[in-house]
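Each chain is listed here by its residues.
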Amino acid sequence: MITYIFIAMFLGIMLYMVYFQVFRSEDFINSPYNRRQDSFAEHVIRGEIRSADGKTLARTVTDSSGNESREYPYGNLYAHVVGFSTHGKSGIESFMNFNLLRSHSFVGKRVINDLTDEKSQGDSVVTTLDSTLQNAAYQALGGYDGAVIVMEPATGRILAMVSKPDFNPNTIAADWDSIIAENAGNTSLLNRATQGLYPPGSTFKILTTLAYIRENPDYAQYQYTCNGSYTQDDTTIHCYNHAVHGQQSLAESFANSCNASYANLGLTVDTESLRKVCDDMMFGTYLPISLESSQSSFVLDSADSDGMKIQTVIGQGETLVTPLNMLLIVSGIANDGVVMTPYLIDHTENDAGITVKQYKASTYKQIMTAEESDVLEALMAQVVTDGTASRLSGQSYTAYGKTGSAEFSNNKGESHSWFVGYAHREDKEDIAVVVIAERGGAGSSVAVPAARQIFDAYYGQ
C-alpha cells in the first residue's frame, strides 16, 4: 500500500511538472516580479511596440559605441499605456516584457548570432491602439487632468487610452528624482484611466436606474414633480444649477439628470439590492486588464441615514469608481449585457513579420440581461436626443450616453466633468468612450464635446 501511494505521488509530481512546463511556465517567467527576465537582454535586442495601424510607439536604438537606449517617437502621447522601461517598468513595457525580450528570428540566424556573440532581434508587440483615436483622445482632453478610454464593446479591443497629467518617457531617467520627490505632489505616473478613483456623479444613475427597474416592473409609470431640490433628514439635494424640471417621467429624469427625482426614487430602492447591482457591475473587484488598476468601491450600508442614501444614489456620497469600470459598464449595455475582457495586445511577431502569438477576444461576464440593456440603451438614447448630451445628436452616427458632474470637495461648485457612452453606425464596429475631465464642471460642457471629437475622428466626420 505504501509503495502504491509513493508511486501515485511520484506520478502526480511528474504530471504537474509536465503541466507546468507546457501550460504555466510562460506565465511565471512573464511575471513582473521575475527579476531574471532582464538577463535575456544580454542576448536579445528589445523588440518594438507598435500601434494597430503600424506606428512605432517604442523601439531600441543603438549608438556608435553599441550602447542601447529606449526611444519613444510620440513622447507623452502614449506615456501611460505604453509605459517606460527605465527605473523599473510600467504599461505595456512591463506586462509584455518577456515577449519583447524573446526572439523568434529564423533559428539559423539565432545560432550564428550566438556563435558570433551578436544579439538577436526581439519580437515586436503589435497593440490594439489606433493612432488616430489616440491622438483625438489626447487632444480632446486638452489641458484638463483626467482620462479618456475608447474600446470596442463587441470585442474588448482598447483603441485609445489617455491619462493626464502625463510625462515624457524619453526623459524619464533625467526627470525621475523630481517626479518621485517627497511632498512634490506629482501624480503624473498614475494612470488615471485604470487607477484613478473618482466620485461617479450622475453617471451612477445608470446603476440606480437598473436597481429601480429590477424592483419595479411598472417603472415606466414613474412620475415626479421636480421643484429644483429634495430634502431628507438634514440633507438637501439640488439639481445642477438649481434647475427646476417640473413633471418628470423616469426617462425624462434620466435624460435631464434630475437629482431631485433620483433622490426620490432612490430612497425606494433597497440598499442591498443596490449593492447587488454594484457587485454585478464589478465594484470591489480588480478588473480583468493587464495594466495596474484600482477597485471601485460602493459605500452605503443599510444602517446609514436617508441623507447619505440620497447622496449615494445620485453618485455623490463616498462611492468611488475608475474610468475603466464605467467603460466596461457602458460596453456591457452596448453588447446586450455582456462584458468582453478588455485587451491591448493584438499579436506578437518576429523580425520577419511572421505572427508568433495572436490574442483573441474573450467574454468576461454578463452583468445584466439583454432586456435590461435594451431599457438602459433607450434611456441613454434620450440623453442624446433630448437631454444633457444633446451636442451628440444629429450626427452620421447614433450616440448613447450619460453625463455627470461629480462634486469632489467641500467647495460647492467644483466638479469633475463626466461622459460615458457609445456610438453606432452600420458600416463600423461600435465604440464605447469614457471621458473624465477633472474640475471640468458640467458633463455637458467639457466631457460631451470631448467625446464628440473622438466619435467624429472614428466615423470620419
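To be clear, the structure that these remarks concern was listed above.
Below: a short report on this structure. As the structure is a prediction and not an experimental result, all values here were calculated from the model.

Conventions we followed
- Residues numbered from 1 in each chain as written.
- Predicted model: local features only at pLDDT ≥ 70, side-chain atom pairs only at ≥ 80, totals over all residues.
- Heavy atoms only, no water.
- Pairing = 2+ DSSP bridges.
- Helix = DSSP H or I, 4+ residues; strand = E, 2+ residues; numbered from the N terminus.
- Salt bridge = Lys/Arg side-chain N within 4 Å of Asp/Glu carboxyl O.
- Buried < 20%, exposed > 50% of the residue type's maximum accessible area, 1.4 Å probe, protein only.
- Patch = residues over 30% accessible without salt bridge, like charges linked within 9 Å, V, L, I, M, F, W, Y side chains within 5 Å.
- Areas by Shrake-Rupley, 256 points an atom, 1.4 Å probe, with all protein chains shown as cover.
- Axes fitted to C-alpha atoms, helices over the stretch in contact; angles between N-to-C directions.
- Parallel < 35°, antiparallel > 145°, perpendicular 65-115°, else oblique.
- Left-handed = near helix turned anticlockwise from the far one by under 90°.
- Contact = heavy atoms within 4.5 Å.
- Phe/Tyr/Trp six-rings, centres within 6.5 Å; stacked < 30°, edge-to-face > 60°.
- Expected span 1.5 Å × (residues − 1).

### Quick look at the sheet that holds strand β6 (residues 124–127)
Within a sheet, adjacent strands bond to each other through the backbone by hydrogen bonds, running parallel or antiparallel.
Thought 1: Strand order in the open sheet formed by 6 strands is β4-β3-β2-β6-β14-β15, with mixed pairing between adjacent strands. Of all strands in the sheet, those with a lone pairing partner are β4 (68–71) and β15 (355–358), marking the two edges.
Thought 2: Across 2 bridges, strand β2 (residues 49–50) lies against β6 in parallel orientation. Within β6, the position partnered with Arg50 by the bridge is Val126.

### Overview of the pattern of salt bridges
Thought 1: Scanning the entire structure with this criterion turns up 17 salt bridges.
Thought 2: Taking the shortest distance from any N to any O, the salt bridge between Lys276 and Asp280 comes out at 3.0 Å. Taken together, the positions of Lys276 and Asp280, both in helix α12 (residues 271–280) and 4 residues apart, correspond to about one turn of that helix.
Thought 3: Note on Lys276: relative accessible area 47%, which makes it partly exposed.
Thought 4: The partner of Asp427 in a salt bridge is Arg425, with the nearest N and O atoms 2.8 Å apart.
Thought 5: Look at the salt bridges and you will find they share partners, linking Arg214, Lys276, Asp280 and Glu372 into a network.

### Remarks on the pairing of strand β19 (residues 428–437)
Thought 1: Of all 10 residues making up β19, 8 are buried, and the element is well covered by its neighbours.
Thought 2: The pairing of strand β7 (residues 146–151) with β19 spans 6 bridges and is antiparallel. Counterpart to Ile149 in the pairing with β19 is Val434.
Thought 3: Note that strand β18 (residues 415–425) and β19 share 8 bridges and pair antiparallel. Looking at β19, one finds that Arg425 is bridged to Lys428.

### A short note on a nonpolar patch on the surface
Thought 1: Residues Ile13, Tyr16, Met17, Val18, Tyr19, Val22 and Phe23 make up a contiguous nonpolar surface patch of roughly 740 Å² in combined accessible area.
Thought 2: If you trace the backbone, Val22 turns up in helix α1 (residues 2–29).

### Here's the deal with the packing of helix α9 (residues 205–215) against helix α11 (residues 259–268)
Thought 1: Following both chains from N to C, one finds α9 and α11 inclined at 45 degrees, their axes separated by 10 Å at the closest point. The angle between α9 and α11 falls in the class oblique. Considering the relative orientation of α9 and α11, their crossing is left-handed. Mapping the contact onto sequence places Lys205, Thr208, Thr209, Tyr212 and Glu215 in α9 and Asn259, Tyr262, Leu265, Gly266 and Thr268 in α11.

### Points about the packing of aromatic side chains
Thought 1: Taken as a whole and assessed by the stated rule, the structure comprises 14 aromatic pairs.
Thought 2: A centroid spacing of 5.8 Å and a plane angle of 80 degrees characterise the contact between Phe84 and Phe167, whose relative ring orientation is edge-to-face. Pair noted here: Phe84 is in the loop between α2 (79–82) and α3 (91–95) and Phe167 is in the loop between β8 (158–164) and α7 (172–180), with a separation of 83 residues, a long-range link. The pair formed by Phe84 and Phe167 is uniform in burial state, with each residue classed as buried.
Thought 3: Of the aromatic side chains, those joined through ring pairs into one cluster are Tyr397, Phe419, Phe455, Tyr458 and Tyr459.

### Considerations on helix α15 (residues 370–386)
Thought 1: Look at α15: 24 Å from first C-alpha to last across 17 residues, which is about the 24 Å you get at 1.5 Å a residue.
Thought 2: Among the residues of α15, Glu372, Ser373, Val375, Leu376, Leu379, Met380, Ala381, Val383 and Val384 are the ones counted as buried.
Thought 3: On the buried face of α15, the contacting elements are α9, α10 (250–255), α14 (323–334), β17 (398–407) and β18.

### Details of the environment of Val321
Thought 1: Considering the arrangement of structural elements, one finds Val321 in the loop between α13 (306–313) and α14.
Thought 2: For Val321, a relative accessible area of 0% gives the class buried.
Thought 3: On a C-alpha basis, the gap between Val321 and Gly201 in space is 9.8 Å, while along the polypeptide they are 120 residues apart.
Thought 4: Leave out the neighbours within four places in its chain, and Val321 touches Gly196, Leu197, Tyr198, Pro200, Phe283, Ser296, Met326 and Trp418.

What is shown is where atoms sit, not what they do.
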